[in-house]
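Working through the structure, step by step
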Amino acid sequence: MPGPSAVVVLLLTLSTTPASQVLAASSGTDAGSSPESAVEASPVLAEPADPKISSQPSSTPQVHPPIAVRSVQFNIPAQRLSKALLVFSQQSGAAVLMPSELDRTLQIEAPALNERMAIEAGLRRLLSQSELTFEMVSDQSFIIVPVAEAGASAVVGVGPGRQRATIEEITVTATKRETRLQDTPLAITALDQHVLHEHRVSSLFDFMALVPSLQVARRGDHSASMLYLRGVGSDNPTEAGDSGVATHVDGIYSSRSQGAAVLLYDLAQIEVLRGPQGSLFGRNSTSGVVNYHTNAPAQEFESRLELAMGNYQYQSARGVLNVPVTDSWAIRLAGALEKQDGQLDFARGSVSNREADQYNNLDHDSVRLSSSWKINEAVNWWLSYERFNDHSSGNLPAVDYDEPVLIDSLGVTDLEMTSVRSRLDFHVNEALHVAYIAGYTSMDRTQNWDGDGVSPLGSETNPLQYHQNNQTVWSDYYSRQHEIQFKGGDGQRFQWLLAYFSFEEETDIRFDLEHQDATGSGWGGAASHSFQQPHRGSRFAAAYGQVSYDFTDRWGAAMGARTGRDQRYDKGGRNVGCPDLIRADRHGDLGDIAVNRESASDGQCFVSSYNDVDQAWGSTTYMARLEYRPTDDILLYWMYAEGFKPGIVEDGNSLKGLFSGPDDPGFQTALMETIAINNGDQGNAAAYIEPEQSRNLEFGFKLTLLQNAVTLNGALFKTAYDDLQVSSVAIDAVGSEVFRSSNAASATINGLELELNWATSLHGQLSGQLSFLDARYDKFLAIDSSFPQYGQTWNPSAHDPSVPDLVDYSGNQMKQAPRFRFSVAYKHHFRLSSGAHLTPSVLLTYSDKVYFSEANREHRSGQLLDNRTGQWVADPSGAASHIDVQPAYWMVNARFKFEPLKGPWWLEGYVENLTDEQVAYDVFGIEAAQPRFYLAAPRTLGVRVGFRFH
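Residues numbered from 1 in each chain as written. Predicted model: local features only at pLDDT ≥ 70, side-chain atom pairs only at ≥ 80, totals over all residues. Heavy atoms only, no water.

Going by the annotation in an unreviewed UniProt entry, the name recorded for the protein chain is TonB-dependent receptor, with Pseudomaricurvus hydrocarbonicus given as the source organism. The record held by UniProt for the protein chain lists under Subcellular location (unreviewed entry) the comment "Cell outer membrane". As recorded by UniProt, the Sequence similarities (unreviewed entry) comment attached to the protein chain reads in full: "Belongs to the TonB-dependent receptor family." (UniProt positions renumbered as here; feature names shortened; annotations may be inferred.)

And the structure:
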């Protein structure tokens, strides 16, 4: 083998003859011309290894480091893999060996490699978009093998050393550049397609256990899922809500949670960035970012099909067809559908007893068509069209799965979401890269949802019986995004990025809410309301950028900033109250609507609030980071980052007075005054709340141990929030208590997060994550949203004589922020006597208790403390335990996968929530005799079978 100073040309062709030829040459010599370049290859069979674990022979310690870990400055442009490996060999001095049957696979596009890194890491980068891996066969040689055959392939030139297991490198794009996860100075979890497949990830809830500090909650009447990172997110699923966690799909910001992560399929990777993110994303966030990366079309034919079935009539199908149309253009078609009966039984007296009508079912389907066209060596255009449909019944809270629900309204959802995403990349030269990113999304949704879950059929026509129905009569939504990025070349000591981001969205929605109580009326003196917002939207524009500089090979620093303007508005929004039921009594027709309650005649609907508001906020946030690499296997970083979340528009104020109609001059004057109040700064009277801001101090580390067999990553952080956005009851301008969002004065979150990956052997891998969170409100005064007059039962008075119901939540634990949570997963590959592989795996999750309310009530004793009199009174709903908290729990998932020695198929059996734990994600109706919860799925089991063709 030539020395490392020689330039070695790769491409060894392993023939089917007893001996194989090695084609290699030093600089200036034709490949194969040197007699020293011929080597005999002796096949050696090894035990099957985990496809996610690389194997290579251990070597005797030497004075100089093995070539695998030696750092090299690579300058390899994006090109065909075969050519990229040739350049890789020339620049690294390593020989790369590959069997001739891989020739077709080597025609796919390899990513660019323009940075200094270990040779082994560089080879992994080049192979990251293929289904190939490698094994080290000497200190200077690698053999390329398919992932499925890793550890069981012929090994060339193996010396007396034994094979050792290493963790497969993961590449991320969190910094808008391709970097190794272990070289990326951010608190980031990367779940590649292997992990997503192993854990059967098809929705947000499926990967919650794999990410530190991540919590997910449900909202039933909007088909929405709520994300929380490090204790901060949003519990407002409406068109006015906005999460502190920003979601992106292929670089496009997704502001609505109803479709972006409901049905996940054909993903290359999910990246979860924790902590404020502003300097690398146009859409700022205060607590984190979730990036979904779909698989891009490749220059290789591929087709896959996966089928699954399980209990509760679960059925699923997923498929992929990838076709290289020309040498420069490929298309990819992917689709998925998922159906399952609901898990909540209907009680006698319900409107239906059919299993197909049950709530908490699944009925989703989606299709995605993407194209990748390399127009020339400098320009590439990626385009994607995706359509998602949701026809499920919706999620309904329940006491538990053993308690049937009494339903007078069937759950019906009709949601169609269409997304078009595009990215045009211009490689101007080695020093400049330009990308233009554009996206458009539209969503149409109608939905009917039973809001009480305790009333029989007929309650909707009985004026003396409690009845609640939530109906989205229509919801039409669109969003547009434009972004242009300029960045310098990769692999340089000085790197820079500058970008401009523009985003707009608007919703036209009518949401009817029937909430008739036993008196025949309801809150606000009306038995039902219709919330109509014809033009409620947002406009965001920002410039952001970041620069980084490596002072030495060990020390580096980075700085970034984002400055922008965020606007939210509501034009013509009205809340309409009706004295009877909109659907049951009026069949949806509101008739002639009075301008306010005082002006309404008997039986007439009236405008209860006018929501016109238009607010904008300017902001500038900063980031600064110091990086230190004491060795090639250790990365330490210290970071300060700021986050910003714009304000939220809300329902406005009502009019007082008697008017003849909308043409009454007095009404016009009163309306202008009301709109002025909506846009004013009179605290709770304003129809908006102020922005939320965060400041994060973080120390992080990334360790690679035991010769690449272990990675241990961690972050120790302190995040301070100002004006944290929460929901609560407030006092409006006329003294009425109304449910609104508001700003908590401040909150602080101290935390520790750890992530472990360990290749325990060639056949086994252990992974895990844990988080410690001390998340508390520093100063937060509010009215108890569920017990306005009795909040002092659980929390002390704020001692404000003008607002006797105001209580003090300061010191309380933030909701959706368990103090301690961890998960550990283990899988092991066994080779059967037939040569087939059997892989059992298990995932164990533990969570400390989780609060669903800022009030931290936990229990009701049966007695309530009156805020105004200081007297204890009987609770009309009686005593109840765990009314706003999920107690600590364990959960276990297990799988067994079988893969034959030959044949393009596999079979898997799985069971999730093995011990059938009842776990709640959120609560509904805390004040009820039996509070109801949005529940995780009970024990589910099934089988999957997959087929793959090339």
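**Digging into the overall build of the protein chain**
For the protein chain, the count of helices and strands is five helices and 55 strands. Counting across all 950 residues of the protein chain, residues that qualify as buried make up 57%. Within the protein chain, counting contacts between residues at least 6 apart in sequence, those at least 24 apart form 69% of the total. Here the protein chain has roughly 37,100 Å² of accessible surface; of this, 56% comes from carbon and sulfur atoms. (Helix = DSSP H or I, 4+ residues; strand = E, 2+ residues; numbered from the N terminus. Buried < 20%, exposed > 50% of the residue type's maximum accessible area, 1.4 Å probe, protein only. Contact = heavy atoms within 4.5 Å. Areas by Shrake-Rupley, 256 points an atom, 1.4 Å probe, with all protein chains shown as cover.)

**Concerning the sheet that holds strand β15 (residues 224-229)**
Here three strands make up an open sheet; going across it, the order is β14-β15-β16 and the pairing antiparallel. Each edge of the sheet is formed by a strand with only one pairing partner; in this case those strands are β14 (214-219) and β16 (232-233). (Pairing = 2+ DSSP bridges.)

**Considering the sheet that holds strand β19 (residues 267-274)**
Spatially, the five strands line up as an open sheet ordered β13-β19-β20-β17-β18, and their pairing is mixed. Pairing within the sheet leaves two strands with one partner each, and these edge strands are β13 (188-192) and β18 (252-254). Along the sheet, successive strands turn relative to each other by an average axial angle of 20°, direction set aside. Strand direction decides the pairing type here: β13 and β19, joined by five bridges, are antiparallel. The residue of β19 that forms the bridge with L191 is I270. (Axes fitted to C-alpha atoms, helices over the stretch in contact; angles between N-to-C directions.)

**Thoughts on the environment of D402**
If you trace the backbone, D402 turns up in the loop between β25 (379-390) and β26 (412-429). Residue D402 is classed as exposed on the basis of its relative accessible area, which comes to 73%. As a C-alpha pair, D402 and Q343 span 59 residues in sequence and 9.6 Å in three-dimensional space.

**Thoughts on the confidence of the model for the protein chain**
Of the residues in the protein chain, 86% reach a pLDDT of 70 or more, and the chain-wide mean stands at 85. Looking across the protein chain, the model is least confident in strand β1 (residues 12-14), with a mean pLDDT of 34, and most confident in strand β44 (residues 820-828), with 97. Here residues 1-52 scores under 50 on pLDDT; set against residues more than four positions off or in separate chains, the count is 111 contacts. Across residues 729-738, where pLDDT falls below 50, the model places 24 contacts with residues more than four positions away in sequence or in other chains. (pLDDT = per-residue confidence, 0-100.)

**A look at the state of the cysteines**
Following the criterion strictly, the structure yields one disulfide and no others. Covalent S-S linkage joins C578 and C605, the inter-sulfur distance amounting to 2.0 Å. Linking C578 and C605, the disulfide has an S-S dihedral of approximately 110° and is accordingly described as right-handed. Of this pair, C578 sits in strand β32 (residues 574-578) while C605 sits in the loop between β32 and β33 (606-610), placing them 27 residues apart in sequence. On the basis of relative accessibility, which here comes to 0%, the residue C578 falls in the buried class. (Disulfide = S-S within 2.5 Å.)

**Notes on the environment of Q492**
In this fold, Q492 is placed in the loop between β28 (467-487) and β29 (494-516). What makes Q492 partly exposed here is its relative accessible area of 41%. Each C-alpha atom, one on Q492 and one on A431, is 9.2 Å from the other, the two residues being 61 residues apart in sequence.

**Overview of the pattern of salt bridges**
When their charged atoms lie close together, side chains carrying opposite charge are able to pair. Tallied over the full model, the rule gives 48 salt bridges. The closest approach of N and O atoms between D266 and R304, which form a salt bridge, is 3.1 Å. Of the two residues, D266 sits in the loop between β18 and β19 while R304 sits in strand β21 (residues 302-310), which places them 38 residues apart along the sequence. Taking the relative accessible area as the measure of exposure, D266 reaches 12% and is therefore buried. (Salt bridge = Lys/Arg side-chain N within 4 Å of Asp/Glu carboxyl O.)

**Looking at the packing of aromatic side chains**
Under the defined criterion, the tally for this structure stands at 27 aromatic pairs. Their ring planes at 10° and their centres at 5.3 Å tell us that F74 and F88 sit as a pair that is stacked. Taken together, the positions of F74 in the loop between β3 (71-73) and β4 (79-80) and F88 in helix α1 (residues 81-92) put the pair 14 residues apart, joining distant regions of the chain. For the pair F74 and F88, one class covers both residues: buried. When the centroid spacing of 4.8 Å and the interplanar angle of 50° are considered together, the rings of Y846 and W890 count as tilted. With Y846 in strand β46 (residues 837-847) and W890 in strand β51 (residues 889-899), the pair connects residues that are 44 residues apart, well separated along the chain. One cation-aromatic arrangement involves R283 over F540; the distance from NZ or CZ to the ring centre is 4.4 Å. (Phe/Tyr/Trp six-rings, centres within 6.5 Å; stacked < 30°, edge-to-face > 60°. Lys NZ or Arg CZ within 6 Å of the ring centre and 35° of its normal.)

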